[in-house]
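Here is how the chains run, residue by residue.
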Amino acid sequence: MKKKCDNSNMRAKIACRVLAVRELGEPARVLDLYHGRGHVWRRVSEYLRVDELCGVDIEPRDIATLKLSAMRAIKNLPIERFNVFDLDPYGSCFGEYSALCDRLSGGPPRRVVVAMTMAFRCAGACVPKSLWDALGVPVEHRPNLSPFSAEDLYRLAILLFAHTWRPERIWSYHDSRRLYISGVGSTNAMRPMEAATNADDL
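Asks: Can you help me understand the overall build of the chain in this one?
Replies: When you go through the chain residue by residue, the secondary structure sums to 6 helices and 8 strands. Listed by position from the N terminus, the elements making up the chain come as α-β-α-β-β-α-β-α-β-α-α-β-β-β. Looking at the 202 residues of the chain, the share that counts as buried comes to 50%. Considering only intrachain contacts with a sequence separation of at least 6, the fraction spanning at least 24 residues in the chain is 67%. For the chain, the exposed area adds up to about 9900 Å²; of that, 53% sits on carbon and sulfur atoms.

Asks: It is not clear to me how the side chain of Asp57 should be interpreted in this structure. Could you clarify?
Replies: Counting through the fold element by element, Asp57 comes out in strand 2 (residues 50-57). It turns out Asp57 is buried and unbridged, and the closest side chain with the opposite charge, Arg61, is 5.3 Å from it. Dropping the residues within four chain positions of it, Asp57 is found in contact with Tyr34, His35, Gly36, Thr65, Leu66, Lys67 and Leu68.

Asks: So what exactly am I meant to see when it comes to the packing of aromatic side chains here?
Replies: Given two aromatic rings, their pairing is described by the distance between the two centres and the angle made by the two planes. Applying the stated criterion across every chain yields a total of 1 aromatic pair. Ring geometry for Tyr173 against Tyr180: centres 6.3 Å apart, planes inclined by 25 degrees, an arrangement best described as stacked. Tyr180 sits in the buried class, given a relative accessible area of 0%.

Asks: Explain the pattern of salt bridges here, please?
Replies: Think of it this way: side chains of opposite charge can pair up when their charged atoms draw near. Counted under the stated rule, the structure contains 8 salt bridges. Across the pair Asp51 and Arg49 runs a salt bridge whose closest N-O atoms are separated by 2.6 Å. Residue class for Arg49 comes out exposed when judged on its relative accessible area of 56%.

Asks: Looking at this structure, I do not really get the environment of Trp132. What am I missing?
Replies: Looking at the secondary structure, you find Trp132 in helix 5 (residues 129-135). Among the residues examined, Trp132 registers a relative accessible area of 9% and is labelled buried. Note: C-alpha distance between Trp132 and Arg142 (10 residues apart in sequence) is 7.5 Å.

Asks: Would you explain the pairing of strand 6 (residues 165-174) in this entry?
Replies: Working note: regular strand, side chains alternate between the two faces of the sheet. Of all 10 residues making up strand 6, 8 are buried, and the element is well covered by its neighbours. As paired elements, strand 6 and strand 7 (residues 178-187) share 9 bridges and run antiparallel to each other. Of the residues in strand 7, the one forming a bridge with Pro167 is Gly185.

Asks: Sorry, what's going on with the environment of Leu24 here?
Replies: Residue placement: Leu24 occurs in helix 1 (residues 10-24). Exposure remark for Leu24: the relative accessible area of 5% places this residue in the buried category. Taking the C-alpha atoms as reference points, Leu24 and Gly183, separated by 159 residues in sequence, lie 9.5 Å from one another. The residues contacting Leu24, other than those within four sequence positions of it, are Asn83, Val84, Arg111, Val112, Val113 and Val184.

Asks: I would appreciate a short explanation of helix 1 in the present structure.
Replies: Residues spaced three or four apart along an α-helix face the same direction, because each turn holds 3.6 residues. Compared with the 21 Å implied by 1.5 Å per residue over 15 residues, the 21 Å span of helix 1 between its first and last C-alpha is a close match. For helix 1, the tally of buried residues reaches 12 of 15 residues, placing the bulk of the element in the interior. Those residues of helix 1 hidden inside the fold are in contact with strand 1 (28-32), helix 2 (39-44), strand 4 (84-87), strand 5 (111-119), strand 6 and strand 7. Directly after helix 1, the chain includes Gly25, whose backbone phi takes a positive value near 80 degrees.

Asks: When you look at the nonpolar core in this model, what are you seeing that I'm missing?
Replies: If you look at soluble globular proteins, the nonpolar side chains tend to sit buried side by side. Judged by nonpolar contacts, the single largest core of 30 residues is most densely connected at Leu31, Phe85, Leu87, Tyr97, Leu100 and Met116. Among the elements that line this core, the one with the most residues is helix 4 (residues 94-104), at 6 residues. Setting aside residues up to four positions removed in sequence, Leu100 forms contacts with Ile74, Ile79, Phe85, Leu87 and Val114. If you look at the next biggest cluster of nonpolar residues, it comprises 17 residues, including Val18, Trp41, Val113 and Val184.

What counts, and at which threshold
- Residues numbered from 1 in each chain as written.
- Predicted model: local features only at pLDDT ≥ 70, side-chain atom pairs only at ≥ 80, totals over all residues.
- Heavy atoms only, no water.
- Helix = DSSP H or I, 4+ residues; strand = E, 2+ residues; numbered from the N terminus.
- Buried < 20%, exposed > 50% of the residue type's maximum accessible area, 1.4 Å probe, protein only.
- Contact = heavy atoms within 4.5 Å.
- Areas by Shrake-Rupley, 256 points an atom, 1.4 Å probe, with all protein chains shown as cover.
- Lys, Arg positive; Asp, Glu negative; His and termini not counted.
- Salt bridge = Lys/Arg side-chain N within 4 Å of Asp/Glu carboxyl O.
- Phe/Tyr/Trp six-rings, centres within 6.5 Å; stacked < 30°, edge-to-face > 60°.
- Pairing = 2+ DSSP bridges.
- Expected span 1.5 Å × (residues − 1).
- Core = buried A, V, L, I, M, F, W, Y, C linked by side-chain atoms within 4.5 Å.

As structure tokens, this is what we get:
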């Protein structure tokens, strides 16, 4: 069995997060839902101000990390205290993303950052079932897709929840195995989305 690898392509992860938080224009208060050892936000904090970092992981690797699944954290923690939400699992986090959008629909409009990593298992299985279901694509019409094509689907999926969190701008980078994507936008507000930017432009 192939060993899972933490933080593949660290440069892309850092770039997507730094660019989005800079666009946010205020110190980051981060809910990191797959915290691991905290390497990503330790590096991001070298480039910008992080006022709060709450790490969550189902298998904590330090005493400061809350032992919770990402889904339980989204449903139970006071998310109004955070303005950055980080979803960086080994596989897909689309279910957790949709739950987060539901939580963001409460309260007054505010700007937040959402950062995600999506794993492509192989060319024919790079879109999770939960994403196909949300898009309303019948099982018999779900094609084999390359990771590049899947990136467009993930962008579309983000826009599906525009009634709860409307991204004004999205940054992304993908390799043959993963998509790294982040966006900044307003909750409970409809605004035009600017053209997406590749993190390679950093």
